[in-house]
Amino acid sequence: MSYYNLQHKNQPVGHNMGPLHTHDFFELEFLATGERYYFTKSQMYKMEAPTLLVLPPHSTHKFESNGCEVYTLQISPESLSEDQRNFLNHLAKKGVLRFPTSKLSPLCSTFDTLLQIYNSFPFNAHKKMVFSANLGKLFHMFYSYANVQTHDTHYSLVADVNPSTAPVILKVLDFLHNHYTEQFSLDDLCKRFHVSKSYLSATFLRATNTTVFQYKLSLQLQEAKRLCRETRHSYEKIAELTGFSSGNYFRLIFKKHEGQTPNQHRYNSLEKRKKGN
């Protein structure tokens, strides 16, 4: 199913999106002014305008703003050509792309044109065609600017850790991403990283807006969804591979948090791929 969503926001200092989350579409974040922190896996990046971040489907992330103006474009893979999907996946691997300030005005102008088309009513087949044409123009600008930047002193991969995030939390996050299928307790983590339970719990919650084991569960479910989509494994096998105690418990937790059974998720993903082809 084709899906488009485009927003232009001015966000205040300290704006918090809430807990880490994933979705099944591409998300393009273009930071026009200000600063923003982008959190993914075990790292937090500082984005300074003008920058572009491309998030592929099913990537775990959240944002915190330090006063900024941002364009957010969400678009389903089925709405894009194969070349466009490959290009966005290529940009996603580059990380946070910072553009020369001379490119800010034309990029904002193109986003504003897309926004005007998107907000016009009705958003019918003709307007979708015009929207797609301007989206192609935007992608071409990204392509041209990205190529120029390989020889441009303005180009940089921004990877500044947010100073408000305690180093031990980054170590805990790295551990969780590498061991989320294993069984361990909060006491085990505290002994491993030489901190108290109260400190770890409070600091982790402040940095990620979720608890240690809610975060661990989100990693398990994310991998379980990938295995449902990309393999023919039984649900008992997926439960084993993702650290759930049994197939029945896995199905129960999956339904509770995802709003559908693993079988429904597998079927819906297959139908989306068919429509995309």
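Because the structure is a prediction, the values reported are computed rather than measured.

Asks: I would appreciate a short explanation of the overall build of the protein chain in the present structure.
Replies: Each helix and strand in the protein chain was counted, giving 10 helices and six strands. Each of the 277 residues in the protein chain was classed as buried or not, and the buried ones make up 46%. Restricting to contacts in the protein chain with at least 6 residues of sequence separation, those with at least 24 account for 74%. With an accessible surface of roughly 14,100 Å², the protein chain has 52% of that area assigned to carbon and sulfur atoms.

Asks: What's the story with the pairing of strand β2 (residues 26-40) in this structure? I'm lost.
Replies: Within a regular beta strand, the side chains point alternately toward one face of the sheet and then the other, so they alternate between its two faces. For β2, the buried fraction is high: 12 of the 15 residues fall into the buried class. Both β2 and strand β4 (residues 51-55) contribute to a ladder of five bridges, which runs antiparallel. The partner of Glu 27 across the bridge, within β4, is Leu 55.

Asks: Would you explain the packing of helix α7 (residues 212-230) against helix α9 (residues 247-258) in this entry?
Replies: In a pair of packed helices, the angle between the axes and the distance between the axes together describe the arrangement. The N-to-C vectors of α7 and α9 enclose an angle of 100°; their axes lie 11 Å apart at closest approach. By the criterion of interaxial angle, the relationship of α7 to α9 is roughly perpendicular. Along the contact surface, α7 presents Leu 217, Leu 221, Ala 224 and Lys 225, while α9 presents Phe 250, Ile 253, Phe 254, His 257 and Glu 258. Its residues placed into classes, the contact of α7 with α9 shows six nonpolar, one polar and two charged.

Asks: Which parts of the structure should I look at to understand the packing of helix α4 (residues 167-179) against α7?
Replies: Remark: α4 packs on α7, axes separated minimally by 9 Å, with the N-to-C direction vectors making an angle of 35°. Along this stretch, α4 crosses α7, giving a crossing that reads as right-handed. Between α4 and α7, the contacting residues are Leu 173, Leu 176 and His 177 on the first element and Val 212, Tyr 215, Lys 216 and Leu 219 on the second. Class assignment of the residues belonging to the contact of α4 with α7 gives a composition of five nonpolar, one polar and one charged.

Asks: I would appreciate a short explanation of the environment of Leu 115 in the present structure.
Replies: In this fold, Leu 115 is placed in helix α2 (residues 104-119). Once you skip the residues sitting within four places of it in the chain, Leu 115 turns out to touch Leu 6, Gln 7 and His 8.

Here is what the cut-offs are and how they apply
- Residues numbered from 1 in each chain as written.
- Predicted model: local features only at pLDDT ≥ 70, side-chain atom pairs only at ≥ 80, totals over all residues.
- Heavy atoms only, no water.
- Helix = DSSP H or I, 4+ residues; strand = E, 2+ residues; numbered from the N terminus.
- Buried < 20%, exposed > 50% of the residue type's maximum accessible area, 1.4 Å probe, protein only.
- Contact = heavy atoms within 4.5 Å.
- Areas by Shrake-Rupley, 256 points an atom, 1.4 Å probe, with all protein chains shown as cover.
- Pairing = 2+ DSSP bridges.
- Axes fitted to C-alpha atoms, helices over the stretch in contact; angles between N-to-C directions.
- Parallel < 35°, antiparallel > 145°, perpendicular 65-115°, else oblique.
- Nonpolar A, V, L, I, M, F, W, Y, C, P; charged D, E, K, R; others polar.
- Left-handed = near helix turned anticlockwise from the far one by under 90°.

Scope: geometric values only; no functional claims are made or implied.
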